[in-house]
Amino acid sequence: MAETHVLFVEDDDVIREATQLALERDGFTVTAMPDGLSGLEAFRADRPDIALLDVMLPGLDGVSLCRRIRDESTVPVIMLSARADSIDVVLGLEAGADDYVTKPFDGAVLVARIRAVLRRFGHAGGPGAATETSDEAPERGLAFGDIEIDTEGMEVRKDGAPVALTPTEMRLLLEFSSAPGTVLSRDKLLERVWDYGWGGDTRVVDVHVQRLRTKIGQDRIETVRGFGYKLKA
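Note that the structure is predicted; figures quoted are calculated from it, not measured. All residue numbers here refer to positions counted from 1 along the written sequence of the relevant chain. In view of the model being predicted, local features appear only for residues whose pLDDT reaches at least 70, and side-chain atom pairs are presented and counted only at 80 or more, with totals across whole chains, interfaces and linings using the full set of residues. Excluding hydrogens and water, the side-chain values take into account all heavy atoms of the structure.

Visitor: Just checking my understanding: could you explain the overall build of the chain for this structure?
Guide: Strands are runs of DSSP state E lasting at least two residues, helices are runs of H or I lasting at least four, and both sets are numbered from the N terminus onward. Helix and strand counts for the chain stand at eight helices and eleven strands. Considering only contacts in the chain between residues 6 or more positions apart, those separated by 24 or more positions represent 60%. For every accessible area listed, the method is Shrake-Rupley and the probe measures 1.4 Å; residues are considered covered only by the protein chains on display. If you sum the accessible surface of the chain, you get close to 10600 Å²; carbon and sulfur atoms cover 50% of it. Note on contacts: a residue pair is in contact if any heavy atoms of the two residues lie within 4.5 Å.

Set out below in structure tokens:
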């Protein structure tokens, strides 16, 4: 099997070189770039399996780079932010990132998060990658009002028109559709969709739910205050 190709965009020379060496020791192939514009060029040339983007980049910042990548691909993106409470975290997730890691980070933690993302993307995050949930898979054809879900073809339609979802958004929708009307807590969604075996930042869930709502309908996923979310049957 070919090694996983990581695009790593980081302007700090020390962090970039040390992280590249650490990832290569763990068996990854790494293309490391110092700024957003060269990172975008490398993404288009190499089509990596996953992208690690620092938020603060010269030329083209990480959030804008993530948005440009998301316009062209569903490849998984992890943002690297120096401040856990920064608005940059939310902006990165809203731009289409699938997860984020706070700097300074432990190399083992970063590798674990990369592997967790790749597992749920089926390694390369292709259109048929997000087919498995933690419970039994639902039937192939599901319908909730004007929403139709083909769980084998990984296709979603709203009023008959195709809806483009990222693999993370698809996994989130599949979790909801496996138990319509049942409240799923943020912690449970972190465990099932993001493969977190430890506590994580629930902002990841909240932003992805909002992104999913904009695509399938704001009223389709209901917030149950103090508990979580549920899909309206």
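Visitor: How should I be thinking about the pattern of salt bridges in this particular structure?
Guide: Between side chains of opposite charge, pairing is possible as soon as their charged atoms come close. Salt-bridge detection follows one rule: a side-chain nitrogen of Lys or Arg within 4 Å of a carboxyl oxygen of Asp or Glu. Evaluated as defined, the whole model comprises 15 salt bridges. The partner of Asp 195 in a salt bridge is Arg 119, and the shortest N-O contact between them spans 2.4 Å. Separated by 76 residues along the polypeptide, Asp 195 in the loop between helix 7 (186-193) and helix 8 (203-216) and Arg 119 in helix 5 (residues 107-120) bring together distant segments of the chain. Residue Asp 195 is classed as partly exposed on the basis of its relative accessible area, which comes to 30%. Residue Arg 119 is classed as exposed on the basis of its relative accessible area, which comes to 55%. Remark: exposure states derive from per-residue accessible area (1.4 Å probe, protein chains only) relative to the maximum for the residue type, with buried under 20%, exposed over 50%, and partly exposed in between.

Visitor: Would you take a moment to explain the packing of helix 6 (residues 167-177) against helix 7 for this structure?
Guide: Working note: a packed helix pair is described by the angle between its axes plus the distance between those axes. Under this scheme, a helix contributes an axis fitted over its contacting stretch, all axes are lines through C-alpha atoms, and angles between N-to-C directions fall in the 0 to 180 degree range. Where helix 6 contacts helix 7, the two axes come as close as 10 Å, and the packing angle between them is 125 degrees. Classified by the interaxial angle, the pair formed by helix 6 and helix 7 is oblique. Of the two possible hands of crossing, helix 6 and helix 7 adopt the one that is right-handed. Residues Thr 168, Arg 171, Leu 172, Glu 175 and Phe 176 of helix 6 touch helix 7, and the partners they reach there are Leu 189, Arg 192 and Val 193. Angle categories are assigned with fixed cut-offs, so that under 35 degrees is roughly parallel, over 145 is roughly antiparallel, 65 to 115 is roughly perpendicular, and the rest are oblique. The handedness criterion is simple: a crossing whose near helix is rotated anticlockwise from the far helix by less than a right angle is left-handed, and one whose near helix is rotated clockwise is right-handed.

Visitor: Would you mind showing me how to read the nonpolar core here?
Guide: Most often, soluble globular proteins have nonpolar side chains that are buried together. By size, the foremost hydrophobic cluster in this structure holds 51 residues, and its most contacted members are Leu 53, Met 79 and Phe 176. In terms of residues, this core owes the most to one element, helix 8, which gives six residues. Ignoring sequence-local partners within four residues, the contact set of Phe 176 consists of Leu 184, Leu 189, Val 209, Leu 212, Ile 221, Tyr 229, Lys 230 and Leu 231. Membership of the second largest hydrophobic core comes to 17 residues, among which are Phe 8, Val 30, Leu 118 and Phe 121. Definition of nonpolar core: a set of buried residues of the types Ala, Val, Leu, Ile, Met, Phe, Trp, Tyr and Cys, connected through side-chain atoms within 4.5 Å.

Visitor: Sorry if this is basic, but what is going on with the environment of Ala 97 here?
Guide: When you line up the elements, Ala 97 lands in the loop between helix 4 (87-94) and strand 5 (99-102). Separated by 44 residues in the primary sequence, Ala 97 and Leu 53 place their C-alpha atoms 9.3 Å from one another. Non-local contacts of Ala 97, meaning those with residues more than four positions away in its chain, are made with Cys 66, Val 77, Met 79, Gly 92, His 208 and Arg 211.

Visitor: Just checking my understanding: could you explain the side chain of Thr 19 for this structure?
Guide: Structurally, Thr 19 can be placed in helix 1 (residues 13-25). Overall, the relative accessible area of 7% leaves Thr 19 in the buried class. Two N or O atoms form a polar contact when they lie within 3.5 Å of each other; inside protein one atom must be a possible hydrogen donor and the other a possible acceptor, and for residues adjacent in sequence the pair counts only when both atoms belong to side chains. Within the structure, Thr 19 has its side chain in polar contact with the backbone oxygen of Ile 15 (distance 2.8 Å). Discounting chain neighbours no more than four positions away, the residues touching Thr 19 are Phe 8, Phe 105 and Leu 110.

Visitor: How do you make sense of helix 2 (residues 36-46) when you look at a structure like this?
Guide: The periodicity of an α-helix, 3.6 residues per turn, causes residues three or four positions apart to be oriented the same way. The set of residues buried in helix 2 consists of Gly 36, Ser 38, Gly 39, Leu 40, Ala 42 and Phe 43. Each element contacted by the buried residues of helix 2 is listed here: strand 1 (5-9), strand 2 (29-33) and helix 3 (62-72). Once helix 2 ends, the next one or two residues include Arg 47, with phi positive near 45 degrees.

Visitor: Just to check I follow, could you spell out the sheet that holds strand 9 (residues 161-163) for this structure?
Guide: Pairing between strands is defined by DSSP: at least two bridges between the two strands are required. Strand order in the open sheet formed by four strands is 6-7-8-9, and the pairing between neighbours is antiparallel. Among the strands making up the open sheet, the edge pair consists of strand 6 (141-144) and strand 9. Neighbour-to-neighbour, the strand axes of this sheet turn through a mean angle of 25 degrees, independent of strand direction. Pairing analysis gives four bridges linking strand 7 (residues 147-150) to strand 8 (residues 155-158), with the strands arranged antiparallel. Bridged to Ile 147 within strand 8 is Lys 158.

Visitor: Explain the packing of helix 2 against helix 3 to me, please; I cannot follow it from the model alone.
Guide: Where helix 2 meets helix 3, the axes come as close as 10 Å, and the angle between the chain directions of the two elements is 20 degrees. Taken as axis vectors, helix 2 and helix 3 run roughly parallel relative to one another. The handedness of the crossing between helix 2 and helix 3 is right-handed. Residues Gly 36, Gly 39, Leu 40, Phe 43 and Arg 44 of helix 2 pack against Leu 65, Arg 68, Ile 69 and Glu 72 of helix 3. Nonpolar residues are Ala, Val, Leu, Ile, Met, Phe, Trp, Tyr, Cys and Pro. Charged residues are Asp, Glu, Lys and Arg, and all others, Gly as well, are polar. Class assignment for the residues of the contact of helix 2 with helix 3 results in four nonpolar, two polar and three charged.

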